[in-house]
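Residue strings, one per chain:
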Amino acid sequence: MVAVALSVGLLLADHQFRLLDPLKRSLDWLQVPIHGLVNLPGMLWEDVGESVRSREALEEENAALKARLRILEAKTERLVAMTAEVNRLRELLNASRIVENPVAVAEIIGINPDPYLHEVLINKGASDGAYEGQPVLDSSGLMGQITFVGQRFSRALLISDATHAVPVQVNRNGIRGVLVGKGRLDELELVNVPQTADIQEGDLLVTSGLGGRFPAGYPVAVVSHVEHDPSEPYAKVTATPKAELNRTRHVLLVRRTSELPGGS
Amino acid sequence: MISGHGLLLLLASLFVGWVTAWIPLHGLAAFVRPDLVALSLIYWSWRHPERFGVLTAWWVGVISDLVLGSWLGVHALAYALMIYFFLNIHHRFRIYPMLQQSVLIFLLVGIAIMVIHWINQLTGVAARDLMFMLGAIGSALCWPFVRYTLDYLGGKTV
């Protein structure tokens, strides 16, 4: 009975009143040995793989990476010029400037064992400048946002979780909507889309920046299916996430900038 | 009091449980994943009911909550209730053959999983099906393994 009362007390203090966050944050180190051990076989495997690769293979990979880097650098140079031009034009319209969002690289070190929860553990915490609500990206698109920040670790909710929603717009024509997770890694749903909205299969959905949580312009998903049922008030639009939600190991955390990024 | 060896074994069994909880699995395996923390708790209160009881289970549950990132108190409540029910039947459990023990383990871990599920429902994360109950089957299948390993390592006399 004592234990039940204590548990209920803890639950209320934690869930209803959020009193225990500092305690949870300071007991973060409990995770260190567990994740060290869980990730040990994978890291050993990687190490062995690295050390037995031949010199030629490494040189080849190096050359390929250098070539890719050069291409990306050239593209970035053009992007800088274009951003400057866009900002000049936006100034003419009295709109705010587009700012570059600095990013930090982090690693996914754990996946929440609850199969109904799409949540990952990231090896950056408050001491690395992570903050609650920070957007998490991989190299191809938006992955989710940080929901709890510990001292050394933080937990991030993926866009595919059933409780997650992100404001997006169609890249082609700017139609706005809200993309919600369905608890499935490969499917998101664009909700409350009017039957007459011009959305087609293959349309790219990017963050709209509305709501102020996600910076505008990051790719989120590609429309995979549009269904117009005249008996329904809204069109049924499903989309596939761009980010590789179940394969990525390295993620990017978007740093906070002083002004609201991209909003106008 | 518990000996140094016993304490080490207890902590090791719980640690292995938490590590297994975080091993990435997907598909059906993620649902069947046995709850080794619950199994070691049952083991220890079966072999030494005078030392490990509801409060031990509660504390271990609190640490589980911290480790797994669930709301504080979820696993604490589930494990405390599970061990409470277990201690009510532990005399019978002692004389049961392995198969019947496993059936009881299924029920006990099932109760713990149900409690966790109810609290998750109250706090917003609802399961869409009953697949989560497979964890109780996984745990029941693992019971003989846990029991023999801990016995072999000297869990009977601590």
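Nothing here was measured: the structure is a model prediction, and the numbers come from that model. (Residues numbered from 1 in each chain as written. Chains lettered and ligands numbered in written order. Predicted model: local features only at pLDDT ≥ 70, side-chain atom pairs only at ≥ 80, totals over all residues.)

Student: For this particular structure, what's the right way to read the overall build of chain A?
Tutor: Helix and strand counts for chain A stand at four helices and 12 strands. Taken over the C-alpha atoms alone, chain A extends approximately 65 × 60 × 40 Å along its principal axes. Within chain A, counting contacts between residues at least 6 apart in sequence, those at least 24 apart form 57% of the total. (Helix = DSSP H or I, 4+ residues; strand = E, 2+ residues; numbered from the N terminus. Contact = placed C-beta atoms within 7 Å.)

Student: Whenever I open this one, the overall build of chain B confuses me. Can you help?
Tutor: Summing up its helical and strand segments, chain B has seven helices and zero strands in all. Put simply, chain B runs from its N terminus to its C terminus through helices and strands in the order α-α-α-α-α-α-α. For chain B, whose C-alpha radius of gyration is 15 Å, the value lies close to the compact-globule estimate of 15 Å for 158 residues. Per-residue burial over chain B gives 41% buried out of 158 residues. Long-range contacts, defined here as pairs at least 24 residues apart, represent 68% of the contacts in chain B between residues at least 6 apart. (Rg over C-alpha atoms; globule rule 2.2 N^0.38 Å. Buried ≥ 20, exposed ≤ 12 C-beta atoms within 10 Å, placed from the backbone.)

Student: When you look at the interface of chain A and chain B in this model, what are you seeing that I'm missing?
Tutor: Opposite the 29 residues of chain A that make contact, chain B presents 30 residues. Put simply, the parts of the chain that give the side of chain A that touches chain B at least two residues each are α1 (2–16), α3 (31–51) and β1 (103–111) of chain A.

Student: How should the sheet that holds strand β12 (residues 250–254) of chain A be read in this particular structure?
Tutor: The strands making up a sheet are joined through hydrogen bonds of the backbone, oriented either antiparallel or parallel. Strand order in this closed barrel of six strands is β1-β2-β5-β4-β3-β12 (chain A), and the pairing throughout is antiparallel. Going from strand to strand, the sheet's axes swing by 45° on average, the running direction of each strand aside. (Pairing = 2+ DSSP bridges. Axes fitted to C-alpha atoms, helices over the stretch in contact; angles between N-to-C directions.)

Student: Is there a simple way to explain the sheet that holds strand β6 (residues 165–170) of chain A in this structure?
Tutor: Residues and elements named next belong to chain A. The antiparallel closed barrel is built from six strands, whose spatial order is β6-β7-β8-β11-β10-β9. Neighbour-to-neighbour, the strand axes of this sheet turn through a mean angle of 40°, independent of strand direction. Where β6 lies against strand β7 (residues 176–184), five bridges are found, and the strand directions are antiparallel. Each residue of the ladder has a partner; that of Pro-167, found in β7, is Val-178.

Student: Can you walk me through unusual backbone geometry in this structure?
Tutor: What you tend to see is this: most non-glycine residues have negative phi, and most peptide bonds are trans. Of note in this structure, Asn-192 of chain A is not a glycine but carries a positive phi near 55°. The class of Asn-192 of chain A is exposed, set by 12 C-beta atoms lying within 10 Å.

Student: Got a minute to help me understand the packing of α1 of chain A against helix α5 (residues 74–95) of chain B in this structure?
Tutor: Axes are the key here: two packed helices are described by the angle between their axes and the distance separating the axes. At a minimum axis distance of 8 Å, the contact between α1 of chain A and α5 of chain B shows a crossing angle of 165°. By the angle class used here, α1 of chain A and α5 of chain B are roughly antiparallel. Seen along the crossing, α1 of chain A lies across α5 of chain B with a hand that is left-handed. Touching Ala-3, Val-4, Ser-7, Leu-10 and Leu-11 of chain A of α1 of chain A are Val-74, Ala-76, Leu-77 and Ala-80 of chain B, all from α5 of chain B. (Parallel < 35°, antiparallel > 145°, perpendicular 65-115°, else oblique. Left-handed = near helix turned anticlockwise from the far one by under 90°.)

Student: Which parts of the structure should I look at to understand the nonpolar core?
Tutor: In summary, soluble globular proteins display a tendency toward joint burial of nonpolar side chains. If you look at the biggest cluster of nonpolar residues, it comprises 49 residues, and the most contacted ones within it are Ala-38, Leu-41, Ala-57, Tyr-79, Ala-80, Met-82 and Ala-112 of chain B. When residues of this core are traced back to their parent elements, those giving at least two are α1 of chain A together with α1 (4–22), α3 (36–47), α4 (54–68), α5, α6 (98–122) and α7 (134–152) of chain B. The dominant element in this core, judged by the number of residues it contributes, is α5 of chain B, at 10 residues. Residues contacting Ala-38 of chain B, with those up to four places away along its chain left out, are Tyr-79, Met-82, Val-109, Ala-112 and Ser-139 of chain B. Residues Val-120, Val-206, Phe-214 and Tyr-218 of chain A belong to the second largest nonpolar core, which totals 38 residues. (Core = buried A, V, L, I, M, F, W, Y, C linked by C-beta atoms within 7 Å.)

Student: Could you clarify how one ought to interpret the packing of α1 of chain A against α4 of chain B in this entry?
Tutor: The interhelical angle for the contact between α1 of chain A and α4 of chain B, taken along N-to-C directions, is 20°, at an axis separation of 10 Å. In terms of axis orientation, α1 of chain A runs roughly parallel to α4 of chain B. The two elements α1 of chain A and α4 of chain B cross, and the hand of that crossing is right-handed. Side by side, α1 of chain A and α4 of chain B meet where Ala-3, Leu-6 and Ser-7 of chain A of the first sit next to Val-54, Leu-55 and Trp-58 of chain B of the second.

Student: Got a minute to help me understand the domain arrangement of chain A in this structure?
Tutor: Interface size is commonly expressed as the accessible surface area that is lost when the partners come together. Each assigned domain of chain A is listed here: domain 1 (2–44), domain 2 (57–98) and domain 3 (102–257). A straight line from the C-alpha centre of domain 1 of chain A to that of domain 2 of chain A covers 42 Å. (Domains from an automatic or database assignment.)

Student: I'm lost on the pairing of strand β9 (residues 204–207) of chain A in this one. Help?
Tutor: Successive residues of a regular strand alternate their side chains across the two faces of the sheet. Residues and elements named next belong to chain A. Where β6 and β9 come together, three bridges link them in antiparallel fashion. Note on β9: the bridge partner recorded for Val-170 is Leu-205. Of the strand pairs in this sheet, β9 and strand β10 (residues 219–227) are connected by three bridges, and their pairing is antiparallel. For Val-206, the partnering residue across the bridge sits in β10 and is Pro-219.

Student: Sorry, what's going on with α3 of chain B here?
Tutor: One full turn of an α-helix is made of 3.6 residues, so residues set three or four places apart face in the same direction. All names here are of chain B. A rise of 1.5 Å per residue sets the reference length of α3, with its 12 residues, at 16 Å; its end C-alpha atoms lie 16 Å apart and thus fit the reference within 8%. The buried fraction of α3 is high, at 10 of 12 residues. By the burial criterion, the buried members of α3 are Leu-36, Val-37, Ala-38, Leu-39, Ser-40, Leu-41, Ile-42, Tyr-43, Trp-44 and Ser-45. Residues of α3 that are buried sit in contact with α1, α4, α5, α6 and α7. (Expected span 1.5 Å × (residues − 1).)

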